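# Inside the fold
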Amino acid sequence: MSYTYQYPRPAVCADAIIVAKENGSISILLIKRKNNPYKGKWALPGGFVDMDEDLPDACMRELKEETGLEGIALHQFASFGKPGRDPRGRTISVVYWGIIYTKLTLSANDDAAEAQWFELNSLPPLAFDHQKIIEKFLADKTNLFSS
């Protein structure tokens, strides 16, 4: 039996905050967007969840597609769904996080023009609401950053 509804539904995204703690410094992984919106701007790796895909699987797929990284333990952090956060339409992002202890080699692909580690205290301007997402993550996970 098929059910349909006559009201609009939001798209769902899965994004990743990957933190590298190495030699006393803390870096966050960002990708430079290859496509609009925000073409050429830095953002968290991530993207739309496929119809037949579970949320953590979507996050792992996007992370691998955009940065070449895989096998990182991911943990669900929070959801972000403020209307207007994405100019393409109504989107809800489920954000995952992972921590590693060395900056792994990156390989930008798919819709990422570049992938790069940025020191926590020198992040570039970010696309979408990703600055707010990172700020909330840092406030909520301060214990990760203590020595």
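The structure reproduced in this document is the subject of the present report. (Residues numbered from 1 in each chain as written. Predicted model: local features only at pLDDT ≥ 70, side-chain atom pairs only at ≥ 80, totals over all residues. Heavy atoms only, no water.)

## With respect to the nonpolar core
So the rule is basically this: We define a nonpolar core as any set of buried Ala, Val, Leu, Ile, Met, Phe, Trp, Tyr and Cys residues linked to one another through side-chain atoms lying within 4.5 Å. Classification of residues uses two cut-offs on accessible area relative to the type maximum, computed with a 1.4 Å probe and protein chains only: under 20% is buried, over 50% is exposed, and between them is partly exposed. Numbering goes from the N terminus for both helices and strands, where a helix is a DSSP run of H or I of at least four residues and a strand is a run of E of at least two. Residues are treated as being in contact if the distance between any of their heavy atoms lies within 4.5 Å.
Counting residues in hydrophobic clusters, the biggest one holds 20 residues, and the most contacted among them are Ile 18, Leu 29, Leu 63, Leu 69, Ile 72 and Trp 117. Of all the secondary-structure elements, those providing two or more residues to this core are β1 (11-22), β2 (25-33), α1 (55-67), β6 (91-100) and β7 (112-119). Once residues lying within four places of it in the same chain are set aside, the contact partners of Leu 63 are Ala 16, Ile 18, Leu 29, Pro 45, Gly 68, Leu 69 and Ile 72. In terms of nonpolar packing, the next biggest core, distinct from the first, is built from 18 residues, Ile 28, Ala 78, Phe 80 and Leu 126 among them.

## What about the pairing of β1?
To keep things clear, this is the line we draw: In this analysis, strands are considered paired if DSSP registers two or more bridges between them.
Taken together, the 10 bridges between β1 and β6 define a ladder with parallel strand orientation. Among the inter-strand pairings, Val 19 is bridged to a residue of β6, identified as Ile 99. Relative to β2, β1 is paired through four bridges, and the arrangement is antiparallel. Looking across to β2, one finds that Ala 20 is bridged to Ser 27. Linking β1 back to β2 in an antiparallel pair, the connection comprises two residues, with Asn 23 at a positive phi of about 50 degrees.

## Remarks on the environment of Arg 88
When you line up the elements, Arg 88 lands in the loop between β5 (75-80) and β6. The spatial distance from the C-alpha of Arg 88 to the C-alpha of Asn 36 is 9.3 Å, given a sequence separation of 52 residues. With residues near it in sequence (within four places) discarded, Arg 88 still touches Arg 33, Pro 37, Phe 48 and Phe 128.

## What about the layout of surface pockets?
Put simply, the test is: Lining residues are those with an atom within 4 Å of a point, where the points come from a 1 Å grid over the protein atoms alone and group into cavities, where a 1.4 Å probe fits but cannot get out, or pockets, open sets with protein on both sides within 12 Å along at least five of seven lines. Grid points are joined across faces, edges and corners, and a volume is the space filled by probe spheres set on the points.
Taken as a whole, the largest pocket holds about 220 Å³ of empty space. Lining the largest pocket are 21 residues, and of these Arg 33, Gly 46, Gly 47, Arg 88 and Phe 128 lie nearest its centre. Of all the secondary-structure elements, those providing two or more residues to the lining of the largest pocket are β1, β2, β4 (46-48) and α1. It is β4 that provides the largest number of residues to the lining of the largest pocket, a total of three residues.

## Observations regarding the pattern of salt bridges
Note the threshold: In the sections that follow, a salt bridge refers to a side-chain nitrogen of Lys or Arg positioned within 4 Å of a carboxyl oxygen of Asp or Glu.
Tallying each qualifying case throughout the model produces 10 salt bridges. Among the salt bridges present, the one from Arg 61 reaches Glu 62, with a minimum N-O distance of 3.0 Å. Here Lys 103 makes a salt bridge to Glu 119, at a shortest N to O gap of 3.2 Å. One end of the pair, Lys 103, is in the loop between β6 and β7; the other, Glu 119, is in strand β7, and 16 residues separate them in sequence. Owing to a relative accessible area of 27%, Glu 119 belongs among the partly exposed residues under this scheme. Put simply, Asp 50, Glu 53, Arg 61, Glu 62 and Glu 65 are held in one network by salt bridges that share partners.

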